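Given next are the chains, with one letter for each unit.
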Amino acid sequence: MNRKNNIQDLANHSFDLLIIGGGITGAGIALDAASRGLKTALVEKDDFAFGTSSRSTKLIHGGLRYLKQLEFALVKEVGSERAIVHKLAPHLVVPEKMLLPLYEKRGLGYWLTSIGLKIYDWLAGVKSEDQRKMLTRQQTLGHEPLLKSDDVRGGAIYAEYRTDDARLTIEIMKLASAKGACVCNYVQANDFIYEQDKISGVKAINSITKEPLSIRAITVVNATGPWVDNLRWINNSRHGKSLHLTKGVHIVVPFHRLPVHQAIYFDVPDGRMIFAIPRGRITYLGTTDTDYKGDKDKVIASKDDVQYLLNATNETFPAILLTLADVESSWAGLRPLIHEEGKSASELSRKDEIFESATGLISIAGGKLTGYRKMAERVVDKVVELNFIDQKFGECKTSTLTLPGGDFQNYGEVKKLEAELAGRLGELNLRGNEATNLVHLYGRQAIMLVNHIEKNKTQNPECDLILAKAWFAIHYEMSIYPPGFHNSKKWFTFFNRPKIVRWINPVIDYFAQELQWSAEERAAQLAIVTEALEEVIRFE
């Protein structure tokens, strides 16, 4: 993950495969390809996980709602994938029981839901202890007394997995790098290189130095999510199927304003379903699903988006009465779905699809966070089939590749490490849930951060902790700007905005010291971060 060296390698070497896009899909492809033995490179125009891959609902979930669309194969695939990803990173993909209230006048109703959840458990291969449990009306209201009781008929408890999407992407990228992939952020692909009417590389620019780069590769994969059609247009291959972008918005409120007892997945009157997920000092809500045609680089929540979520929540929890003043932060991301004529945003399939152009550009769109590994496998299989059929690269290995920090035998070992680090952090006057947060985000790598804090402690332990995260991001995760640091810690920006506002100047100073910025550069970066922190509470 040494950016300077990787820039030189991009310029001086030719690759079997070049991936454009540093989100979860691109990272997954890079890991799959590199682990099979392909000489692999990846470029990202911003920070890794800049786009959709840091703006999801932060769940590795099985797609219960897709049963309504009769997409049984999709439910089976992503349901099975949950268990695999949990095994690869048990600290980062954490079991979470979900309450599903069932209503008399909306949703599928009690018996259809019971049958649907049974099919869901079967398709997803859910372990017996995690299989759905149906609840009576009284049991449901006992699990969550804040629910509007008028038309609750019953409920169900079923299993999902909670994650941090940006951290998952970063860890996959780091493992791809460890397997030999040459990965680099802030490199923007602007055009393609052609030989005999076939793509043989990419013309790019190093966004830091503004220097041009020519990167040679036998195969180029376009894994840019919402920007897929932009590159297809440059390649003159944007015909036939195209993207249909939809926006998903989430909001964050203080836990004391929505003190739900557990994660809840509830129907709203217009037919959508919304999550309410408690997470420490906050509860977050989402998501919306509306068509989007605006600036893909600046996706923010509108006042209408936020009010929709507030209204839906107040309808379900009538004693709460949330208002705009309760919203601490928000985030908005784009789903790069495949357009289907006559279908609304919510009706569009979440299945992924691969496009191949006449000049050899391979593009992938659609899909879900949960299915990143299988999407990558399909892409790499296609690359091998097209260009390396005579070489023995073998089959996908990623189901057995433990992610960095994830070498735990079971979830009990995760909890044991939390307890060990809680003791050490307590001696540094860092208490509460800091050990749990560190282990959830970094796994066994959290030991490195605690070691760093112990060696560099000051009179301000809270500041020491955030600067240790900045140190780790710069030295181990190719973070070169504070927005990139906060991007890989999106949970921190969204869920701890007051703390970030308090410590942003020391973080900027640390980056300036480590990366030898001028006073002008420091001021410019402070302005960028300040604007980003304002953006999450500015509803236009």
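Residues numbered from 1 in each chain as written. Predicted model: local features only at pLDDT ≥ 70, side-chain atom pairs only at ≥ 80, totals over all residues. Heavy atoms only, no water.

**Thoughts on the overall build of the protein**
Short version of the rule: Elements are defined by DSSP. Helices are runs of H or I of four residues or more, strands are runs of E of two residues or more, and each kind is numbered from the N terminus. The size measure is the radius of gyration over C-alpha atoms, and the globule rule it meets is 2.2 Å times the number of residues to the 0.38 power. Whether a residue is buried, partly exposed or exposed follows from its accessible area with a 1.4 Å probe, protein chains only, as a fraction of its type maximum: under 20%, in between, or over 50%, in that order. The contact definition used throughout considers only heavy atoms, calling two residues in contact when any of these lie within 4.5 Å. The accessible surface values rely on the Shrake-Rupley method and a 1.4 Å probe; as for residues, cover is taken only from the protein chains in view. The convention is simple: Lys and Arg are positive, Asp and Glu are negative, and His and the chain ends are not counted. Every charge is mapped onto a representative atom, which is NZ of Lys, CZ of Arg, CG of Asp or CD of Glu.
Check the secondary structure of the protein and you find 17 helices and 18 strands. Taking 540 residues into account, the globule formula puts the C-alpha radius of gyration at 24 Å, and the protein, at 23 Å, falls close to it. With the C-alpha coordinates aligned to their principal axes, the bounding extent of the protein is approximately 70 × 60 × 45 Å. The 540 residues of the protein split such that 61% are buried. Summarising the internal contacts of the protein: among those between residues at least 6 apart in sequence, 72% fall at separations of at least 24. Surface summary for the protein: the accessible area is close to 21900 Å², and the carbon and sulfur share equals 51%. Placing the 68 positive and 66 negative side-chain charges of the protein at their respective mean positions leaves the two points 3 Å apart.

**Remarks on unusual backbone geometry**
Keep in mind that most residues, glycine aside, have a negative phi and that most peptide bonds are trans. For the peptide bond that leads from G286 to T287, omega is 15°, which places it in the cis range. Along the chain, T287 falls in the loop between β14 (282–286) and β15 (290–291). One non-glycine residue, K58, lies in positive phi territory at about 65°. Within the secondary structure, K58 sits in the loop between β2 (40–43) and β3 (59–60). The backbone phi angle of N236 is positive, close to 55°, even though this residue is not glycine. A residue is classified by how much of its surface remains accessible, and N236, at 67% relative accessible area, is exposed.

**Quick notes on the pairing of β14**
The cut-off we apply is this: Pairing between two strands requires that DSSP report at least two bridges joining them.
Counting buried residues in β14 gives five out of five residues, a clear majority hidden from the surface. Here β14 shows a buried face lined by I282, Y284 and G286 and a second buried face lined by T283 and L285. Relative to β14, strand β11 (residues 243–254) runs antiparallel, the two being bridged by five bridges. Bridged to P254 within β14 is I282. Where strand β13 (residues 273–279) lies against β14, five bridges are found, and the strand directions are antiparallel.

**Remarks on the side chain of E328**
Residue placement: E328 occurs in the loop between α8 (303–316) and β16 (329–338). For E328, a relative accessible area of 16% translates into the label buried. Among all residues touching E328, those that are not within four sequence positions of it are V252, P254, R281, I282, R497, P498 and I537.

**Things to note about helix α6 (residues 165–178)**
Put simply, the rule reads: Take the residue count of a helix, subtract one, and multiply by 1.5 Å to get its expected span. Counting of polar contacts relies on pairs of N or O atoms within 3.5 Å, with two restrictions inside protein: one atom must be capable of donating a hydrogen and the other of accepting it, and residues adjacent in sequence are counted only when both atoms are side-chain atoms.
Its 14 residues place the ends of α6 20 Å apart at the C-alpha level, agreeing with the 20 Å of an ideal helix rising 1.5 Å per residue. Counting buried positions over the 14 residues of α6 gives 13, a clear majority of the element. The N-cap of α6, judged by a side-chain oxygen 3.3 Å from the amide nitrogen of A166 a few residues on, is D164. G180 sits one or two positions beyond α6 and adopts a positive phi of about 115°.

**Observations concerning the packing of aromatic side chains**
Defined as follows: For this analysis, a ring pair means two rings from Phe, Tyr or Trp (six-membered ring only for Trp) whose centres lie within 6.5 Å, classed as stacked if their planes differ by under 30 degrees, edge-to-face if by over 60, and tilted for the remaining angles.
Tallied over the full model, the rule gives 14 aromatic pairs. Their ring planes at 20° and their centres at 5.2 Å tell us that Y284 and F495 sit as a pair that is stacked. Of this pair, Y284 sits in strand β14 while F495 is found in helix α15 (residues 490–495), placing the two residues 211 residues apart along the sequence. Accessibility assignment for this pair places Y284 and F495 in one class, buried. Pairing Y442 with F472 gives two aromatic rings, centres 5.4 Å apart and planes at 85°, and the pair type is edge-to-face. Separated by 30 residues along the polypeptide, Y442 in helix α11 (residues 434–442) and F472 in helix α13 (residues 461–476) bring together distant segments of the chain.

**As for the packing of α11 against helix α12 (residues 446–455)**
We count it as follows: Orientation is described by lines fitted to C-alpha atoms, with helices fitted over the stretch in contact, and by angles between N-to-C directions that extend from 0 to 180 degrees. Each angle receives one of four descriptions, namely roughly parallel if under 35 degrees, roughly antiparallel if over 145, roughly perpendicular if within 65 to 115, and oblique otherwise. Note on residue categories: nonpolar means Ala, Val, Leu, Ile, Met, Phe, Trp, Tyr, Cys or Pro, charged means Asp, Glu, Lys or Arg, and polar means any other residue, Gly included.
Contact geometry for α11 and α12: axes closest at 8 Å, N-to-C directions at 130°. Accordingly, the angle class assigned to the pair α11 and α12 is oblique. Side by side, α11 and α12 meet where L438, V439 and Y442 of the first sit next to A446, L449 and V450 of the second. In terms of residue class, the contact of α11 with α12 is built from six nonpolar, no polar and no charged.

**As for the side chain of D165**
Along the chain, D165 falls in helix α6. Residue classification places D165 among the buried residues on the basis of a relative accessible area of 1%. There is a polar contact of 3.2 Å between the side chain of D165 and the backbone nitrogen of R55. Those residues in contact with D165 that lie beyond four places of it in its chain are T52, S53, S54, R55, S56, K58 and L369.

**Examining α13**
Over its 16 residues, α13 runs 22 Å from end to end, which matches the ideal 22 Å to within 8%, given 1.5 Å per residue. Following α13 by one or two positions, M478 has its phi on the positive side, about 60°.

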